[in-house]
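Structure assessment
One letter stands for each residue in the lines below.
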Amino acid sequence: MVESRWWITALTHAVLLLGVLVVLLPIYLAFVASTHPVQNVIQVPMPMLPGGHFWENYSQVLGRGVPTVGNVPIAVMLFNSLVMALGIAAGKIAISILSAFAIVYFRFPLRMAFFWLIFITLMLPVEVRIVPTFQVAADLNLLNSYTGLILPLIASATATFLFRQFFLTVPDELAEAARMDGAGPMRFFFDILLPLSRTNIAALFVILFIYGWNQYLWPLLITTDRDMTTVVISVQALVSVMEEEPQWHLLMAVAMLAMLPPVAVVLLMQRWFVKGLVEPEK
Amino acid sequence: MAEVSFQAVGKTYPGSRTEVIKGISARVADGELMVLLGPSGCGKSTLLRMVAGLERISRGTMAINGRIVNDLEPKDRNIAMVFQNYALYPHMSVFDNMAYGLRIARIPRAEIRARVAEAAQILELTPFLKRKPGQLSGGQRQRVAMGRAIVRNPQVFLFDEPLSNLDAKLRTQMRVEIKKLQTRLGVTSLYVTHDQAEAMTLADRIMVINDGVAEQVAPPLEVYRRPASAFVAGFIGTPAMNFLAGRLCGDGRAVELAGGVRLGLPAPVAGGPMAGGTEGAITVGIRPESLRLDNGHGDLAVAVDLTEMLGADSVVHGRLADNGSTLVARLSGIVPARPGDRLRFTIAADALHLFDTTSGRRLDA
Amino acid sequence: MQKRVLFHNPWLPYVLLAPQIAVTLVFFIWPASQAILQSVLLEDPFGLSSQFVGLENFQRLFADPHYLNSLRVTAVFSIAVALLALTTALVLAVMADRALRFAVGYRTLLVWPYAVAPAVAGVLWLFLFNPTIGILAYLLRGVGISWNHYLDGGQAMLLVVIAAAWKQISYNFLFFLAGLAAIPRTLIEAAAIDGAGPVRRFWTIVFPLLSPTTFFLVVINVVYAFFDTFGTIHAVTQGGPARATEILVYKVYRDGFIGLDLGGSAAQSVVLMAIVIGLTVAQFRFIERRIQY
């Protein structure tokens, strides 16, 4: 920076630390609450340091679940969330990369029609077609199934465009060299295009994993069995019974568990994540 | 071993009406290196890509070793190509880059290893086989691209401006290496470039292409000595040939330049633009290096504008005293001519090139 | 932009596109067309028969005070969320940009909320603002503010705005930080040599050059507030108290799934589609503008 007066630097860090405090405080206090017995948590004001019930609270929700919401272990819902998040991320990447490959490397009748058809999905989030989409899923017998949680969400205009942009930057000569080497289209795709897309796939995977993990409305509609639902939905289920029997310590433990995987992915893969989010065209 | 032949080959892009290749016929002999030379946009790369099978042939026939290849896929033509930007697979090691085509052709592993090792040895790439293209210098990448072509033992090599991404010094060096390699392997080759020095050193024969037409197909020295058209004459040689307006006179035994200077010819010229007569407008070409300084008896009086002294040579730019057209002369040694000086030049009668002004074709005795 | 090289195969491209197109047709196009169809039909409560009623559902919708209320709530909510999330993120990004070698460290601490589900974010703030045990409600009582978002609609709105904005700060922060990094240092230095102080430089140089990023983020934040905050509302306030936080998306869900008013819900869906199309067009105009820069 141009100025380097000490008080400007001090102000900068003060503002940033305040921001960090606001951003991390809710998460920290949730963690504190999840490590205390319930009587400590409902005390006013609550304790500011972690307590000694970490193991009790977490083993209870993970292994036995919470009585007021059907005693289904949270471990089951974490597994459901994981299947859904991985399924959505992998599914979106797989079908989008194939579509982009077809659209960029082939010319065929109706090509632009397909392109626009995919584009339109951008304008139709689940939220605007809730009831009829639910009906389709019900008619196809997809309620309370992993297929039902994953399949309707894996069309992706964004991912398709992203791969299309990337393929357009791959030099033509590479495809020509592959043709001279005798590679057919699928061979070129698997041996050359796919390895070259690794960085893009990794970045996209982080973003889509979080997107899948944090899905809310669709799992809320499609899962009615407690043991098919996701951990995010179970957080809400716990909140809704909180007035009957306040179990804030367990609720916060479940909330921590619901946050842990996506937060870990973001922090561990920060480089890919930031690249994929902010500069997707590269 | 193979020969490549073109029979009135033409190319029109779909949706366009202009032909970019206008019926080229030629024959590349077995083991010959033919350079396709021309300015950018002349169609030389397109012609090469048609041989490769990367562009469709719109008309005419193309044959490799007598077999018509118009409709064959690139992989079935038994050819290999070196691209301008090398087109190395960035995620594969040097070894894998060279082996890729062989693996697709299901060649046994042991043989792949042997062939790659041999090519690597020829190209001095053995220490780099495990590296990725990104870890190599420009010259090394260029050699990998050549290696990828060599391992396939193709009938024909195609080179698409393979040296244009290298710096001047490396380019001169690689030029010699390519020539040695091609001579040693004896594989029929087509080589595209816009660099005349590259064409002169490498080629067995040069095909000069202009605007989709093969202007001349001949060995380098013949292209230089007897350019078939004014275009070829102007394209080859530095500084470029001088062109002066003139007309034939004296039954085709002499030319008269505008302004009245008369130059004798070694033999009478017949035909050409003066069909029916012997008086007609022509273009006279004079290479700068064929002019000799002769202040006593020189026919051409020149007023000097500028002299470039290059050490071994001096290049004099000036205007003809008689008609004002510009004239460039390349003289050996140091000629301390200053702007405004008057010099006189002579030219040997057999160093004059005559062209039909309208068609641009060469006129000969 | 087109490829020069193409592969030729009469059926392969269709095979490659088939999965994407199948999912799109079955789960996107078909339901959306059903929504449009239902929006002009009136179905009896048992779903046995339906009749064409033209735009009646829409007329009913725009005459419904609850729907008009929902429109107003959505407008207030999304403007407040966008404003809060954007200004906070911009301040933090400008500061982090100044913090030089600490920037990546602060970034690591500030990206967490991006990964938190909107519903979970809502629950975290619900805990802090709980009228009986919440630590922030307790602190507010200390300064004489009685906090109870279960009864006070304004406080309920404030709570969901804070929860929704909190989650979006990270996203905005990352884009602003990238936008700031893309501004050439030499421009800032030139302005400093011209005698502009830090505040003046921000408003005359930095902020105008950030405007493409800002515009893009405004659209993204509005889309987020419209559609992705369903979880926050559903988990925290259920639209209450007295519909004070009933945003459009929550109302579609409630009318369609709990109220079983298919025609009305479908008409609402069609209105939402129109809004998304408008926002998407705005977003694509931004991309055109960005190419110019």
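Residues numbered from 1 in each chain as written. Chains lettered and ligands numbered in written order. Predicted model: local features only at pLDDT ≥ 70, side-chain atom pairs only at ≥ 80, totals over all residues. Heavy atoms only, no water.

Next up on the list: the overall build of chain C. Helix and strand content of chain C: 12 helices and two strands. Secondary structure elements of chain C, listed N to C terminal, follow the sequence α-β-β-α-α-α-α-α-α-α-α-α-α-α. Considering only C-alpha atoms, chain C reaches an extent of 75 × 75 × 30 Å along its principal axes. Within chain C, the proportion of its 293 residues that are buried is 55%. Expressed as a percentage of contacts within chain C between residues at least 6 apart in sequence, the contacts between residues at least 24 apart total 66%. Counting every atom, chain C has about 12,900 Å² of accessible surface; 69% of that belongs to carbon and sulfur. Taken together, the 18 basic and 13 acidic charged side chains of chain C have centroids lying 15 Å from each other. (Helix = DSSP H or I, 4+ residues; strand = E, 2+ residues; numbered from the N terminus. Buried < 20%, exposed > 50% of the residue type's maximum accessible area, 1.4 Å probe, protein only. Contact = heavy atoms within 4.5 Å. Areas by Shrake-Rupley, 256 points an atom, 1.4 Å probe, with all protein chains shown as cover. Lys, Arg positive; Asp, Glu negative; His and termini not counted. Charge placed at Lys NZ, Arg CZ, Asp CG, Glu CD.)

Here we come to the overall build of chain B. What chain B contains, in helices and strands, is eight helices and 21 strands. Across its three principal directions, the C-alpha atoms of chain B cover 75 × 45 × 35 Å. A buried classification covers 52% of the 365 residues belonging to chain B. Contacts spanning at least 24 positions in sequence make up 65% of the contacts within chain B whose residues lie at least 6 apart. Accessible surface computed for chain B: about 16,200 Å², of which carbon and sulfur atoms make up 50%. Taking the average location of the 44 positive side-chain charges in chain B and that of its 36 negative ones, the two points are 8 Å from each other.

For the rest of this paragraph, the subject is the pattern of salt bridges. Scanning the entire structure with this criterion turns up 26 salt bridges over all chains. One salt bridge connects glutamate 176 of chain A with arginine 49 of chain B, and the closest N-O pair in it is separated by 2.5 Å. Of this pair, glutamate 176 of chain A sits in helix H9 (residues 172-180) while arginine 49 of chain B sits in helix H1 (residues 44-52), on two different chains. Both residues of the pair, glutamate 176 of chain A and arginine 49 of chain B, count as buried. A salt bridge links arginine 103 of chain B to aspartate 96 of chain B, with the nearest nitrogen and oxygen atoms 3.2 Å apart. One network of salt bridges, with partners in common, ties together Glu176 of chain A together with Lys11, Arg49 and Glu55 of chain B. (Salt bridge = Lys/Arg side-chain N within 4 Å of Asp/Glu carboxyl O.)

For the rest of this paragraph, the subject is the interface of chain C and chain A. Each partner contributes residues to the interface: chain C has 99 residues there, and chain A has 109 residues. With both sides pooled, the region where chain C packs onto chain A buries about 9,800 Å², and carbon together with sulfur makes up 78% of that total. Joining chain C to chain A, the criterion identifies zero salt bridges. Summed over the shared surface of chain C and chain A, the number is 12 residue pairs in polar contact (both at pLDDT 80 or more). Here the side of chain C that touches chain A is built from residues that sort into 73 nonpolar, 16 polar and 10 charged. (Buried area = accessible area lost by both parts, 1.4 Å probe. Polar contact = N/O pair within 3.5 Å; in protein donor to acceptor, adjacent residues only side chain to side chain. Nonpolar A, V, L, I, M, F, W, Y, C, P; charged D, E, K, R; others polar.)

Turning next to unusual backbone geometry. The linkage connecting threonine 238 of chain B with the following residue, proline 239 of chain B, adopts the cis geometry, with an omega of -15°. Note on placement: proline 239 of chain B falls in the loop between helix H8 (230-235) and strand E11 (242-249). Phi at asparagine 144 of chain A is positive, roughly 55°, even though this residue is not glycine. Within the secondary structure layout, asparagine 144 of chain A lies in the loop between helix H6 (130-139) and helix H7 (146-150). The backbone phi angle of asparagine 153 of chain B is positive, close to 45°, even though this residue is not glycine. By the secondary structure assignment, asparagine 153 of chain B is in the loop between helix H4 (138-150) and strand E7 (156-160). Look at asparagine 153 of chain B and you get exposed, because its relative accessible area is 52%.

Moving on, we get to the nonpolar core. Ranked by internal contacts, the top residues of the largest apolar core, which has 244 residues, are Tyr105 and Phe167 of chain A, Phe6 and Leu190 of chain B together with Phe77 of chain C. Not counting residues up to four positions away in its chain, the partners in contact with leucine 190 of chain B are Val4, Phe6, Val28, Met34, Leu36, Leu48, Val51, Val156, Phe157, Leu158 and Phe159 of chain B. (Core = buried A, V, L, I, M, F, W, Y, C linked by side-chain atoms within 4.5 Å.)

Within the secondary structure, aspartate 191 of chain A is located in helix H10 (residues 185-196). Look at aspartate 191 of chain A and you get partly exposed, because its relative accessible area is 24%. Through-space distance from the C-alpha of aspartate 191 of chain A to that of threonine 223 of chain A is 40 Å; in sequence the pair is 32 residues apart. Apart from residues lying up to four places away in sequence, aspartate 191 of chain A is in contact with His91, Met92 and Tyr100 of chain B. Polar contacts involving the side chain of aspartate 191 of chain A include one to the side chain of tyrosine 100 of chain B, which spans 2.8 Å.

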